[in-house]
Amino acid sequence: MTEFNPIRELPDLAGYGSGDVLVVFGEVFGRGYVNGLIDAAEQVGMKVVYGTVGRRNPDGTLRGLTDEEIAEKGHGPIINVPLEAGFTNSEPGTSETLADVLGAVGKDWANAKLDFEHIEVLRSIGEQRFRKNVTLFMEELRNHVPEGANLLFAHTMAGGIPTSKQLLVVTNRIFKGTGARGQSSQEFWESDLGKVCEISFEEVSARTLGHLIDLSDGFRDGVTNAGGRVSYVAYGYHGTECLIGGKYRWQTYAPYLQGFAKIHLEQIAAEAHGRGINVGVFNAPEILTNSSGVFVGVELPLYRLFDALEQEPTSEALAPAVREVCAAKLKGGEEGLAEVKSILRDYHRAPEVEFIYEFDGWPPHNRPEQMDLMVGSAMALRKLHVNEKDLMTLDLSRLVFSACGHVMLHKSWDLDAPVYWVGHDIVAKALGRTGLPEE
């Protein structure tokens, strides 16, 4: 288990500037964590180079983006080498892909037995394809990095749940189910189906950082020999400190099955950091994004960002403006905000969720009574809104990823540890320095 290492004070401003380069190792979809880093990099004049995971043709062939797809992205330049990770879809002609294997699993998934020797073959094929494409990516990247420039890689690979209708049914019950419709995440995780998911999560969310560091060795040497520095940042999640009962308290979301891969991600960073590589995993606070929306209740701690903004001296002047925006989205306005705080207070005091404060037990599995309370609280909070598709947590999420981007960019200049936690306290302090992000 990684030692808890929260960032308490804002980092000094980094030495990045015009001519330096931020590389998004992955692909940007919508507004999420990496957008805050991109905004921070552009504010200091850095050039941003984007990647893509590519797309699949009908025959299963992995390809880069078309000119039309690149134009739809609305940003650039894009190194158009497909960086899809994982092994759900192997190369055309591969006998029985992982998608085929999972498609054959019947309703009795808990007792299904899978051929893990075959799955290892598929994993290896996917890994070889990924490493080959990363090598091509690095060759093209050389054309975008001026001599003497500083270079920052942002590892954005996450997720990795295999594509399968049967798996979707089970995971929906794990992450959203209550009562009789609920499903034990531990029972699932100990099944062969869960073991395949663990392998896939690690392949996408963790091992890709190792491949990035490994396959950029020569590139890194070239940049440093020319007088520049190379840094790597990655996005993790390992719980967040929120202001609960007047004190910052670490808590987490359950069930967080990807957490086992995030531990591996931290281990990879620690090993590389021990070899003198400037790399750090930043465990960011919970936000609500397109990808996190499946985890009903993950956004509950996000509502507590209000409390941190009001408590931190450097951000308290910003709190009224944030409060006004959020209150406008609630049916009762200010009364609605009071109801939000009441629901959260009851939730975080409840004995059913006491285990979410146990750092040494991370990542936790779900429990029936905890799911009932968490999902019920999330639904109650959504019903307080004028429009349940326009939640105040979307505005709060933008504050979080904006602040995280500022902290990550400037901390990346000199990473004195391989793993950090970004809590609501440092988010508030960062916003106090930068001000609220523009729409």
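This section reports on the structure supplied with the text. Counting of residues starts from 1 at the beginning of each chain's written sequence and follows it residue by residue. Two thresholds apply to this predicted model, a pLDDT of at least 70 for residue-level local features and 80 or more for giving and counting side-chain atom pairs, whereas whole-chain, interface and lining totals are computed over all residues. Heavy atoms from the whole structure form the basis of all side-chain values; hydrogens and water molecules are not counted.

### Digging into the packing of aromatic side chains
- Any Phe, Tyr or Trp ring, taking Trp's six-membered ring, that has another such ring centre within 6.5 Å forms a pair; planes under 30 degrees apart are called stacked, those over 60 apart edge-to-face, and the others tilted. Enumeration over the complete set of coordinates arrives at 18 aromatic pairs.
- Ring geometry for Y237 against Y256: centres 4.9 Å apart, planes inclined by 75°, an arrangement best described as edge-to-face. Of the two residues, Y237 is situated in the loop between β7 (230-236) and β8 (240-244) and Y256 in the loop between β9 (247-251) and α9 (259-274); the sequence distance between them amounts to 19 residues. You'll find Y237 and Y256 in the same group, each marked buried.
- Among the aromatic residues, those joined into a cluster by ring pairs are W109, F188, W189, F201 and F260.
- Note on geometry: a ring has a charge over it if NZ (lysine) or CZ (arginine) is within 6 Å of the ring centre and within 35 degrees of the ring normal. Lying over the aromatic face of F29, K73 brings its terminal NZ or CZ to 4.3 Å of the ring centre.
- Just above the ring of F355 sits the side chain of R367; from NZ or CZ to the centre is 4.0 Å. Strands are runs of DSSP state E lasting at least 2 residues, helices are runs of H or I lasting at least 4, and numbering of each runs from the N terminus. The rule is simple: take the accessible area with a 1.4 Å probe, protein chains only, and divide by the maximum for that residue type; under 20% is buried, over 50% is exposed, in between is partly exposed.

### Here we look at the side chain of R382
- With respect to the secondary-structure elements, R382 resides in helix α13 (residues 368-383).
- Those residues within four positions of R382 in sequence are excluded, and the remaining contacts are E299, E388 and L391. The contact rule is simple, with two residues in contact once any of their heavy atoms fall within 4.5 Å.

### Section: the sheet that holds β7
- Here, strands pair whenever DSSP counts at least two bridges between them. Ordered by their spatial adjacency, seven strands build an open sheet running β5-β2-β1-β6-β7-β10-β11, and the pairing between neighbours is parallel. Edge positions in the sheet fall to β5 (78-82) and β11 (419-421), since each of these pairs with one other strand and no more. Taking the axes of each pair of neighbouring strands and ignoring which way they run, one obtains an average angle of 20° across the sheet.
- Two strands pair when backbone bridges link them, and strand β6 (residues 151-155) and β7 are joined in this way by five bridges, in the parallel orientation. Bridge pairing in β7 places F153 opposite Y232.
- To obtain each axis, a line is fitted to C-alpha atoms, and for helices this fit is confined to the stretch in contact; angles are then taken between N-to-C directions over 0 to 180 degrees. Helix α1 (residues 33-43) rests against β1 (21-25), β2 (47-52), β6 and β7 of the sheet, and its axis sits at about 165° to β1.
- Along the sheet, helix α8 (residues 217-225) makes contact with β6 and β7, crossing β7 at roughly 130°.

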